[in-house]
Amino acid sequence: MSNSRMNGVEKLSSRSTRRVANPGKATLLALGKAFPSQVVPQENLVEGFLRDTKCEDAFIKEKLEHLCKTTTVKTRYTVLSREILDKYPELTTEGSPTIKQRLEIANEAVVEMALEASLGCIKEWGRPVEDITHIVYVSSSEIRLPGGDLYLSAKLGLRNDVNRVMLYFLGCYGGVTGLRVAKDIAENNPGSRVLLTTSETTILGFRPPNKARPYDLVGAALFGDGAAAVIIGADPRECEAPFMELHYAVQQFLPGTQNVIDGRLTEEGINFKLGRDLPQKIEENIEEFCKKLMGKAGGDESMEFNDMFWAVHPGGPAILNRLETKLKLEKEKLESSRRALVDYGNVSSNTILYVMEYMREELKKKGDEAQEWGLGLAFGPGITFEGLLIRSLTSP
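Below, the structure is looked at part by part.

Scoring rules and cut-offs
Residues numbered from 1 in each chain as written. Predicted model: local features only at pLDDT ≥ 70, side-chain atom pairs only at ≥ 80, totals over all residues. Heavy atoms only, no water. Buried < 20%, exposed > 50% of the residue type's maximum accessible area, 1.4 Å probe, protein only. Helix = DSSP H or I, 4+ residues; strand = E, 2+ residues; numbered from the N terminus. Pairing = 2+ DSSP bridges. Salt bridge = Lys/Arg side-chain N within 4 Å of Asp/Glu carboxyl O.

**Let's talk about the pairing of strand β10 (residues 226-234)**
Counting buried positions along β10 yields 9 of 9 residues, so the element is predominantly enclosed. Here β10 shows two buried faces, one formed by Gly-226, Ala-228, Val-230, Ile-232 and Ala-234 and the other by Ala-227, Ala-229, Ile-231 and Gly-233. Bridge analysis of strand β4 (residues 26-34) against β10 gives 8 bridges, and the strand direction is antiparallel. Within β10, the position partnered with Ala-30 by the bridge is Ile-231. The pairing of strand β9 (residues 194-200) with β10 spans 7 bridges and is classified as antiparallel.

Structure, rendered in structure tokens:
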């Protein structure tokens, strides 16, 4: 059978087509994920958290029970274990200077999870590890010199001349930042293959509940641990299987909102404050941001929000609900985001890659009926918006 290619489409027969990547554009070639061994069903969270922190406050228990229901989370994974709490009992003591102990746990844990996710990704990719030319490592959960990028490179057996980029403390938008940086590297270094790895743990923020820190309870009810990895490269070879094209990327911050999400490192770990107006700020600015991205989709000015697929970082159900209402999205448009939130919780920078994995499944199921264009979005401290215009290359 003879194939023809025109406008990014490969004709396979009179009844089926497969999209192909545009020359020089970065594509996702493989994806992997990893989680710690401790699984936390949401229905067991309150009892376990209060027991571990020796809290008997009825108000805090009631508040945490309410939050656990409203987050929609069903399952999460955590590095924190009974063994760790027995070794470091001071982690549950209010006001105890434990940053040294927390980093001893976190620094090792994030690299181990990143290693497992990367190995799974490389296995799916199917090419030798020596073919990786660049690594982008994203984490808001470790602090040391050298960073996890070096330790991961060594554990994977990457070449010692691999080009490394470390992205620290970006929070929930870090995964999309990593995709944007990897896209730039892949498109400006012909033949390069970039390993993007994200890895996060909540160890730095774990502490006993305190009425003066209500956001700690939100974190306890919402956040989880894990890692993810993708291989990114332009001009895929015959042996590679690209499933998404990173067509265009943009970042912007909202002036005057830097205190809405506030994180500070202290002797006790990292303290977060989250403004109640975060969902509203996102809602007020999301439409213009999305239209900016959509304007790059091949000049089709008639394209509407429901003509696209959506991979949105699920910071929480309120953000997803506001976005869905503001943009008048059909219910199924945010299904992959809601599914990731239910299955893993908010795992900070990793979560967008879990969403994209679910989206890959959905697009493959739809086959020729799947939308060609989609948006990848994440929000975090700044308030910072990160966005990707994505083309689906998935074939049924």
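Structure shown, so let's carry the discussion forward.
**Focus: the pattern of salt bridges**
One pass over the full model with this rule turns up 27 salt bridges. Between Arg-127 and Glu-240 there is a salt bridge; the shortest N-O distance is 2.8 Å. Here Arg-127 is found in the loop between α4 (99-125) and β7 (134-139), whereas its partner Glu-240 is found in the loop between β10 and β11 (244-253), with 113 residues between them in sequence. For Asp-216, the salt bridge identified is with Arg-213, shortest N-O distance 2.5 Å. Take Asp-216: its relative accessible area is 15%, and that puts it in the buried class. If you follow the salt bridges from partner to partner, you end up with Arg-51, Asp-52, Arg-82 and Asp-86 in one network.

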